[in-house]
Amino acid sequence: MSTPTYGLAVRRYLPSDRRALVDLLRVVWAHKQNVEAHVDERWWWDMPEPPIFVVDDVARGALAGLCAYMPFALCTGGREWPAAWFVDFFVRAEHQGKGLGRRLTEAVQSEFAITASLSQTEMAYRVFSKLGWRERYAVDVYMHPLPQRWPVAPPSRGLRIAHVPIGDGWTPPPDIDGLWTRVRDAFPHLATRDGPSLRRRYLSRGARQYTFISCARGGASAGYAIVRTIAATPGSRPAHGLIVDLLAERDDDDAIIGLLAEARALLADDGAARIFCLSTVPAWQRLMRRRGFLSAATPILGRSLASNRKWLTYHSKPDAPAVDPAGWFLTIGDCDLDYAW
């Protein structure tokens, strides 16, 4: 526990904090009607020890703030580094200006070689920048506005594409680790994507039902995609489709085209009115644009898509490598950038 300031202490989250955390999240997610149900589906409740630092308002018996993060291993410079994404970061209005955001950030930074954020408020970025985080780098989420299953599928070109729900009994195909071995050094910076990490990250739970799309050539994996549908909200949001993860060898255009086509078809069949996909690989972005995915840079729709621009910023310890943001391989699943939220 850190030294209390103004009766406030930054410490790790404890299971006994759940009720106080839900009360705090009712402020963070004021637009949600049933916050407790959303908390139960939040990714960190499935971990043995939810990775959260909280600000304990000791006098009131409440929580004044939190910083929840997603640990992962970042492959860069030929080795894996312990890293974490900031995914929930909040301090109550009446406690802002007391340095609590800084103390929460430093608590997480102290445990990882690299800490990063892809979607942050201006207030959060002010805290990060004061602590030496890198200047923000623009990252676009692409959107397909009219998904449908085309009557003619793209040529198979020797590829076998199949899909299966990710349920309790699901295990990644054995050759996924072979694909990972081939691609892990081809991209400058990317999170570990071997079989065990995929199962831990995407095992379906609650409303999060994922589907695994495999792409094989000969007897080896040529790539995969992971997708899910977010149900429509009565009276407001239509159903959205997410291409959560996408991986193939950098120059394997046929595999990416096949995976995008199958993902679009599956999500369209499931009722998705829009499909979102994040890829920071320039060659794959070109393929996405050719197949109807639009970005904030699309001239005719740029204004309506501007909200899909995210901002990557990060901090690395002195003994960790500097990461070129332009070479960071990212998908929606990397940082839990989930349009359900």
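For the structure itself, look to the data block above.
Residues numbered from 1 in each chain as written. Predicted model: local features only at pLDDT ≥ 70, side-chain atom pairs only at ≥ 80, totals over all residues. Heavy atoms only, no water.

1. Some remarks on the overall build of the chain
Going by this rule: To qualify as a helix, a DSSP run of H or I must reach at least 4 residues; to qualify as a strand, a run of E must reach at least 2; elements of each kind are numbered from the N terminus. Radius of gyration: C-alpha atoms only; globule rule: 2.2 Å multiplied by the number of residues to the exponent 0.38. Three labels apply to residues, based on accessible area from a 1.4 Å probe with only protein chains included: buried if under 20% of the type maximum, exposed if over 50%, partly exposed otherwise in between. We call two residues contacting when some pair of their heavy atoms lies within 4.5 Å. Only the protein chains shown count as covering a residue, and every accessible area follows the Shrake-Rupley method with a 1.4 Å probe.
Regarding its fold elements, the chain presents nine helices and 14 strands. Its C-alpha atoms give the chain a radius of gyration of 21 Å, within 12% of the compact-globule value 20 Å for 341 residues. Its C-alpha atoms put the chain at 65 × 50 × 45 Å along the principal axes. Looking at the 341 residues of the chain, the share that counts as buried comes to 55%. Nonlocal contacts in the chain, meaning residues at least 24 apart in sequence, comprise 71% of its contacts between residues at least 6 apart. Looking at the chain as shown, the accessible area adds up to about 15500 Å², and 53% of this sits on carbon and sulfur atoms.

2. Some words on the pattern of salt bridges
The following threshold applies: For this analysis, a salt bridge means a side-chain nitrogen from Lys or Arg found within 4 Å of a carboxyl oxygen belonging to Asp or Glu.
If you walk through the whole model with that rule in mind, you get 15 salt bridges. Residue Arg11 is joined to Asp56 by a salt bridge in which the shortest nitrogen-to-oxygen separation is 3.2 Å. Residue Arg11 is found in strand 1 (residues 8-12), and its partner Asp56 is found in strand 2 (residues 52-57); the two are separated by 45 residues along the sequence. Neither residue differs from the other here; Arg11 and Asp56 are each classed as buried. Here the salt bridges share partners, and the residues they tie into one network are Arg11, Asp17 and Asp56.

3. Things to note about the side chain of Thr229
Threshold: Under the rule applied, a polar contact is a pair of N or O atoms within 3.5 Å (in protein, one hydrogen donor and one hydrogen acceptor; residues adjacent in sequence only if both atoms are side-chain atoms).
Mapped onto the elements, Thr229 comes out in strand 11 (residues 220-230). A relative accessible area of 17% places Thr229 in the buried class. Of the polar contacts made by the side chain of Thr229, one reaches the side chain of Asp270; its length is 2.6 Å. If sequence neighbours within four positions are ignored, Thr229 has contacts with Ala239, His240, Gly241, Leu267 and Asp270.

4. Comments concerning the sheet that holds strand 13 (residues 274-277)
What counts here: The rule for pairing is simple: two strands pair if DSSP sees at least two bridges between them. Helix axes use the C-alpha atoms of the stretch in contact, all axes being lines fitted to C-alpha atoms, and the angles between their N-to-C directions lie in the range 0 to 180 degrees.
If you walk across this open sheet you meet the six strands as 7-13-12-11-10-8, and the pairing is mixed. Taken across any chain shown, the strands that pair with only one partner, and hence form the sheet edges, are strand 7 (142-144) and strand 8 (159-165). Between one strand and the next, the sheet's axes are offset by a mean angle of 25°, whatever the strand orientation.

5. Some points on the environment of Ala59
Here Ala59 shows up in the loop between strand 2 and strand 3 (62-76). The class for Ala59 is exposed, based on a relative accessible area of 76%. Residues Ala59 and Leu8, spaced 51 residues apart in sequence, show a C-alpha to C-alpha distance of 8.3 Å.

6. What to know about helix 4 (residues 122-130)
What counts, and what does not: It is the directions from the helix axis to the C-beta atoms that the arc portrays.
If you check which residues of helix 4 are buried, you get Ala124, Tyr125, Val127 and Phe128. Down the axis of helix 4, the smallest arc covering the buried residues is 155°, so these residues share one side. Residues of helix 4 that are buried sit in contact with strand 4 (79-91), helix 3 (100-109), strand 5 (114-117) and strand 14 (309-316). One or two residues past the end of helix 4 sits Gly132, with phi positive at roughly 90°.

7. Describing helix 5 (residues 176-183)
Ile176, Leu179, Trp180 and Val183 are the residues of helix 5 that are buried. In a view along the axis of helix 5, the buried residues occupy a sector of 100°, so they form one face of it.

8. A few points about the packing of helix 7 (residues 253-269) against helix 8 (residues 282-290)
To keep things clear, this is the line we draw: If an angle is under 35 degrees, it is roughly parallel; if it is over 145, roughly antiparallel; if it lies from 65 to 115, roughly perpendicular; otherwise it is oblique. Less than a right angle of anticlockwise turn of the near helix away from the far helix marks a crossing as left-handed, whereas a clockwise turn marks it as right-handed. Gly is placed with the polar residues, together with every amino acid not listed as nonpolar (Ala, Val, Leu, Ile, Met, Phe, Trp, Tyr, Cys and Pro) or charged (Asp, Glu, Lys and Arg).
Where helix 7 meets helix 8, the closest approach of the two axes is 10 Å, and the angle between their N-to-C directions is 45°. Taken together, helix 7 and helix 8 sit at an angle that is classed as oblique. Once helix 7 is placed against helix 8, the crossing between them reads as right-handed. In this structure, helix 7 uses Asp253, Ile256, Ile257 and Leu260 to contact helix 8, whose residues at the interface are Trp284, Leu287 and Met288. Within the contact of helix 7 with helix 8, the residues separate by chemical class into six nonpolar, no polar and one charged.

9. Quick word on the packing of aromatic side chains
Keep this limit in mind: Here a pair means two rings of Phe, Tyr or Trp (six-membered ring of Trp) with centres within 6.5 Å. Their orientation is stacked below 30 degrees between planes, edge-to-face above 60, and tilted elsewhere.
Tallied over the entire structure, the rule returns 16 aromatic pairs. Considering the side-chain rings of Phe53 and Tyr69, the 6.2 Å spacing of their centres and the 25° angle between planes classify their relative orientation as stacked. You can see Phe53 sitting in strand 2 and its partner Tyr69 sitting in strand 3, a full 16 residues away along the chain. Assessed through its relative accessible area of 7%, Phe53 is described here as buried.

10. Regarding the nonpolar core
Quick note on the threshold: In this text, buried Ala, Val, Leu, Ile, Met, Phe, Trp, Tyr and Cys residues form a nonpolar core when linked through side-chain atoms within 4.5 Å.
Residues Trp85, Ile114, Leu118, Ile226, Ile243 and Trp328 are the most contacted members of the largest nonpolar core, which totals 87 residues. Residues contacting Trp328, with those up to four places away along its chain left out, are Phe72, Leu74, Trp85, Ile114, Ala116, His189, Thr280, Leu312, Tyr314 and Val323. By size, the runner-up hydrophobic cluster in this structure holds 22 residues, among which are Leu100, Ala124, Tyr125 and Trp133.

11. What to know about the layout of surface pockets
Here is the rule: Think of a 1 Å grid over the protein atoms and nothing else: a 1.4 Å probe that fits but is trapped marks a cavity, an open set flanked by protein within 12 Å on at least five of seven lines marks a pocket, and residues with an atom within 4 Å of a point count as lining. Grid points are joined across faces, edges and corners, and a volume is the space filled by probe spheres set on the points.
In this structure, the second largest pocket encloses a volume near 640 Å³. If you go around the second largest pocket, you meet 24 residues; those closest to its centre are Pro71, Phe72, Ser197, Arg200 and Arg201. Those elements that provide at least two residues to the lining of the second largest pocket are strand 3, strand 4 and helix 6 (195-202). In terms of residue count, the dominant contributor to the lining of the second largest pocket is helix 6 (six residues). For the lining of the second largest pocket, the per-class residue count stands at 11 nonpolar, three polar and 10 charged.

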